[in-house]
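Residue-level structure breakdown
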Amino acid sequence: MIDSWTLSETPCAFDRRLGTDALFTLGNGYLGCRGFFEEEQEGVEALGGIYMAGVFGKGDLKAWKGMHRELVNTPNFLWMSIRVDGEPVLARPRRISSYKRLLNMRTGTMTRSFIWKSARGIQVRFEFERFMSVADLHVAGQRLRITPLNGKPRIELVSGINANVKQHNLVTTIPLPIQPGRPHLRTLKAAGNVIETQVETLPDGVKIVEGQRIAVEGPAGRIRGVPAPAPGLVAERFVFNGRVNETVQLTKTIHYFTSRDGQAMTLLKKSMARAKDYDRLLQAHQRAWVNKWREIDIEIDGAMDDQQAVRFNLFQLVQACPEHDSRVSLGARGLSGEMHEGSVFWDNEIFKLPFFTFAHPPATRSMLRFRHRTLPEARRHAKDLWFEGAMYAWKSGDDGVEETEMGVGAYYAIHIIADIAYALRQYWEATGDDDFLFRYGTEILIETARFWKSRIHYDPIRKTHNILAVRGPNEYDVIVNNNCFTNMMVQENMRYAGEAVAFIQKTDPSAWRKLAARLKLKPREIDAWKTCAKGLVISYDKQRDLYAEDDMYLHRVPFDMKRGKPDARRVIDSTLPYEAMAYYQITKQSDVVTLMNLLPWKFTPRQKKLAYEFYEPKTAHDSSLSFTPHAVMAARLGMKKEAYRYFRECAYLDIADRQLNTISGLHFANLGGTWQAVIQGFAGLYQHDNRLYLAPHLPSAWQALRFRVNYRGALLQVEMRGCKTTVTLERAGTQPISLNLDGRSVRLIRVGQMVSV
Ligand code: BGC
């Protein structure tokens, strides 16, 4: 029987030990802590795997501005060394039994237990527990219960905060020797139970301060510890004689701050001084999770495994979101691993923000504010490349500087700029947050529209407006002209800019005057956006009613997918060089299909079906971003089996390590994508023209689906059972809510009002 609130691992996967650590990540948006084994590292080296939002060190790729950053592996504050009769306790085959690692998603805790057997036959049960508080972002907790099962072992326990950590350098689960990378941290101070370190690979590297409080209790009372310092380590040692079936318990609370928070040491001392005990901190944390789940949960009747997988994806997505800090956003692997160096890409806006916009809008607001904060850098970037307005980086750390390696296409992958505009408009439409639009959104829309105006080339021979030399979502086509996705999203971007200007002019003329003066906006610019958008070439084959990825795709050589991709888990560029891709009709990841999901009102059902049938066999799904759009589109087209198959690709992508690289972090676009597959696909949700659309397309394995949607300040509870949809207004918004339920228009006004279709 599956417990849909937990994810567990039993027995121990010795051969792929680090491979599953990312799945058991716990976090609170401030930091993410992989599910590593506390006692695993002997000596002072401690691989750990704790990442803090915005804590970067210097990486070694050559990026645009000569500086490339990577998320830093910070001190391992769960570090322990355990010895029984002098023998180290390590999880090794034939030494441990009854192993279980469990992620409790309802309470946000991870537990791990096993029975360890010494060389001389002494057996001891170990039970670990940990949490990263979502009630207080600067606190974590750790518990260990030790129970001897025979003999009279002498047990030595050293518990500490260990700054001797290095980067993981993990890429794939295919067995490879692990060669930890560079360390980023220098220890500045280590005294008593407090350690201060600094990221020394950057000139103004962040300082991290951490402190611990440990209590060890046995049946005979408190066991006192002695300091056990070592270079880069603050620790306490506890020694006791174990007795059969008598449990000794260690509880530890950890407090952490960085110089990004202000006077880190002062903040740390205050936090430690007001510290509550482990159990009270744990309870506050669990209560906070109850509230989170009330908002975000999706309930499925009929398939417990799908229910569990969906909760896993939502849980991981939510607990990595740095909603508290608009100076950072949510990286491609969140805070669960080092791949993509903690950077943010287009997938944030297109795959993750839809979930937050409808489930927890303040998080979207914060991440869009991050884009506003980095606008000055985007302006600089545009100027450096001889364009106007703002050119957002393809890959950004915390300051918006282009972090992509030189020469791998960031100059072309500019659809991200329109994707940001799209997410912003979606947020504004879904929330009615005019304050956001006035203060931040309009400026972003104007500056991005200006960028497009300067990037669009008017061809005097063909008399057309073109966007040349781009890379669309299909990144196997490195440089194409008039990528359909890009051009249509640009049209939207320019339209949104014009509409935002008109809205602010009408609703707040004085705010408008100030903004227009600051941005030196001329009325003729707005007219020029309209002309450019209207004249943009849209690659489309009229005869076949088929939207083309770009102006060459349909003329390329058909690709032999079986030969090019014999193993579904391996990407094509392991069988063919990257350079060869542009010769063929191969789509790395969904492109036109994604576009049609984003702007569903722009295409007829026939056009969508034709596009799906044409591109689907040509799509290699060599990115985790590819399954979701197929699941959504197939569901909306009523292709239930296909939709369900793709949904399962998304929902289990990390749990089953489908791409053999979950070791390097969870795939955050796909976590958001799982929400999209369920809510935008099976429940058919989208918004257009001040109306929210819902239409049930449930897979036959599911009897019912329940979830909540935030829309215009209102909270809607939706239940779909077979073909029937019921919507209840749980909280009223500022105005009546207009819905389109499976083709029927309805309005919700009063709290408690319920409509069924
Ligand atoms: C995808 C990109 C994406 C990046 C980060 C790559 O595999 O192809 O489109 O932005 O991952 O998630």
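Conventions we followed
- Residues numbered from 1 in each chain as written.
- Predicted model: local features only at pLDDT ≥ 70, side-chain atom pairs only at ≥ 80, totals over all residues.
- Heavy atoms only, no water.
- Helix = DSSP H or I, 4+ residues; strand = E, 2+ residues; numbered from the N terminus.
- Rg over C-alpha atoms; globule rule 2.2 N^0.38 Å.
- Buried < 20%, exposed > 50% of the residue type's maximum accessible area, 1.4 Å probe, protein only.
- Areas by Shrake-Rupley, 256 points an atom, 1.4 Å probe, with all protein chains shown as cover.
- Lys, Arg positive; Asp, Glu negative; His and termini not counted.
- Charge placed at Lys NZ, Arg CZ, Asp CG, Glu CD.
- Near = heavy atom within 4 Å.
- Polar contact = N/O pair within 3.5 Å; in protein donor to acceptor, adjacent residues only side chain to side chain.
- Nonpolar A, V, L, I, M, F, W, Y, C, P; charged D, E, K, R; others polar.
- Pairing = 2+ DSSP bridges.
- Axes fitted to C-alpha atoms, helices over the stretch in contact; angles between N-to-C directions.
- Patch = residues over 30% accessible without salt bridge, like charges linked within 9 Å, V, L, I, M, F, W, Y side chains within 5 Å.
- Salt bridge = Lys/Arg side-chain N within 4 Å of Asp/Glu carboxyl O.
- Domains from an automatic or database assignment.
- Contact = heavy atoms within 4.5 Å.
- Buried area = accessible area lost by both parts, 1.4 Å probe.
- Expected span 1.5 Å × (residues − 1).
- Parallel < 35°, antiparallel > 145°, perpendicular 65-115°, else oblique.
- Left-handed = near helix turned anticlockwise from the far one by under 90°.

**Digging into the overall build of the chain**
For the chain, the helix and strand inventory stands at 17 helices and 32 strands. The globule rule puts the C-alpha radius of gyration for 757 residues at 27 Å, and the 27 Å found for the chain is close to it. In the chain, buried positions account for 62% of the 757 residues. Surface exposure of the chain reaches about 29000 Å², of which carbon and sulfur atoms provide 51%. If you average the places of the 103 positive and of the 83 negative side-chain charges in the chain, the two averages end up 3 Å apart.

**Concerning the site of the ligand**
Taken together, Ala332, His340, Phe345, Trp346, Asp347, Trp394, Glu475, Lys588, Gln589, Ser623 and Leu625 are the residues near the ligand. For the ligand, an oxygen atom lies 2.5 Å from a polar atom in the side chain of Glu475. When the free accessible area of the ligand is taken as 310 Å², the share hidden by the protein chains comes to 86%. When grouped by side-chain class, the residues that make up the shell around the ligand number 5 nonpolar, 3 polar and 3 charged.

**So, the sheet that holds strand 31 (residues 744–748)**
Sheet strands line up and pair through hydrogen bonds in the backbone, either parallel or antiparallel. Read from one edge to the other, the open sheet built from 4 strands follows the order 25-26-30-31, with strand pairing classed as mixed. If you trace the sheet from one side to the other, it starts and ends with strand 25 (686–688) and strand 31, each paired once. If you compare each strand with its neighbour and ignore which way they point, the axes differ by 30° on average. In this structure, strand 26 (residues 691–694) lies alongside strand 30 (residues 737–741), joined through 3 bridges in parallel fashion. Residue pairing in the sheet places Leu692 in a bridge with Leu739 of strand 30.

**Quick notes on the sheet that holds strand 32 (residues 754–756)**
In space, the 5 strands of this open sheet follow the order 20-27-28-29-32, with antiparallel pairing throughout. Only two strands of the sheet have a single partner each, and these edge strands are strand 20 (298–301) and strand 32. The sheet shows a mean angle of 15° between the axes of neighbouring strands, direction not considered. Where strand 20 and strand 27 (residues 704–711) come together, 4 bridges link them in antiparallel fashion.

**Examining a nonpolar patch on the surface**
A contiguous nonpolar surface patch, about 360 Å² in accessible area, is contributed by Met1, Ile2 and Met304. With respect to the secondary-structure elements, Met1 resides in the segment before strand 1 (6–9).

**Here we look at the domain arrangement of the chain**
Here the chain is partitioned into domain 1 (6–294), domain 2 (297–339 + 649–757) and domain 3 (360–561). The C-alpha-based centres of domain 1 and domain 3 are spaced at 43 Å. Tallying the contact residues gives 10 residues for domain 1 and 16 residues for domain 3. Counting each side, the surface lost to burial between domain 1 and domain 3 is near 1200 Å², with a carbon and sulfur contribution of 54%. Of all residues in domain 1, Trp64, Lys65 and Arg69 give up the largest surface area on contact with domain 3, accounting jointly for 61% of the area buried on that side. The tally of links from domain 1 across to domain 3 stands at 3 salt bridges. The residue Arg69 makes a salt bridge to Asp398 at a minimum N-O spacing of 3.6 Å. Summed over the shared surface of domain 1 and domain 3, the result is 3 residue pairs in polar contact (both at pLDDT 80 or more). For the side of domain 1 that touches domain 3, the residue count by class is 5 nonpolar, 2 polar and 3 charged.

**Re the pattern of salt bridges**
Here the idea is simple: oppositely charged side chains can pair when their charged atoms come close. Counting across every chain of the model gives 54 salt bridges. A salt bridge links Asp325 to Arg260; its shortest N-O distance comes to 3.1 Å. Here Asp325, found in the loop between helix 3 (304–319) and helix 4 (346–359), pairs with Arg260, found in the loop between strand 19 (248–258) and helix 1 (264–273); they are 65 residues apart in sequence, far enough to count as distant. Accessibility classification places Asp325 together with Arg260 in one group, the buried group. Notably, a salt bridge pairs Asp550 with Arg556, separated by 3.6 Å at the nearest N-O pair. A single burial state applies to Asp550 and to Arg556, both of which are buried. Several salt bridges converge on common partners, so that one network encompasses Arg379, Glu443, Glu447, Arg450, Arg518 and Glu525.

**Section: helix 15 (residues 627–636)**
In terms of residue burial, helix 15 counts as a mostly covered element, since 10 of its 10 residues are buried. Every buried residue of helix 15 is accounted for by Phe627, Thr628, Pro629, His630, Ala631, Val632, Met633, Ala634, Ala635 and Arg636. Gly638, located one to two residues past helix 15, shows a positive phi value of around 80°.

**A word on helix 3**
For helix 3, built from 16 residues, the straight-helix expectation of 22 Å at 1.5 Å per residue is met to within 8% by its first-to-last C-alpha distance of 22 Å. For helix 3, the buried fraction is high: 14 of the 16 residues fall into the buried class.

**Remarks on the packing of helix 15 against helix 16 (residues 640–651)**
Relative to each other, helix 15 and helix 16 sit at 155°, their axes nearing to 8 Å. In terms of orientation, helix 15 lies roughly antiparallel with respect to helix 16. Where helix 15 crosses over helix 16, the handedness of that crossing is left-handed. For the pair helix 15 and helix 16, contact is made by Phe627, Thr628, His630, Ala631, Ala634 and Ala635 and by Glu642, Ala643, Tyr646, Phe647, Glu649 and Cys650, respectively. Class assignment for the residues of the contact of helix 15 with helix 16 results in 8 nonpolar, 2 polar and 2 charged.

**Looking at the side chain of Arg450**
Along the chain, the position of Arg450 falls in helix 8 (residues 434–455). Side chain to side chain, Arg450 and Glu447 meet in a polar contact 3.2 Å long. Contacts of Arg450, omitting those with residues within four sequence positions, involve Glu388, Gly389, Leu519, Lys520, Leu521, Glu525 and Trp529.

**Topic: the packing of helix 2 (residues 278–296) against helix 3**
Put simply, helix 2 and helix 3 touch, their axes get as near as 12 Å, and they point 120° apart. Here helix 2 and helix 3 pass one another in a crossing that is right-handed. Counting all contacts with helix 2, which are made through Trp289, Lys292, Trp293 and Ile296, the residues of helix 3 involved are Arg311, Leu314, Phe315, Val318 and Gln319. A class-by-class count of the residues in the contact of helix 2 with helix 3 yields 6 nonpolar, 1 polar and 2 charged.

**What to know about unusual backbone geometry**
Here Thr10 and Pro11 are connected by a cis peptide whose omega angle stands at 0°. Position of Pro11 relative to the elements: it lies in the loop between strand 1 and strand 2 (26–27). Of note, Asn245 is a non-glycine position whose phi angle comes to about 60°, a positive value. When you line up the elements, Asn245 lands in the loop between strand 18 (233–241) and strand 19. One non-glycine residue with positive phi stands out, namely Leu660, at about 55°. Residue position: Leu660 is located in the loop between helix 16 and helix 17 (668–682).

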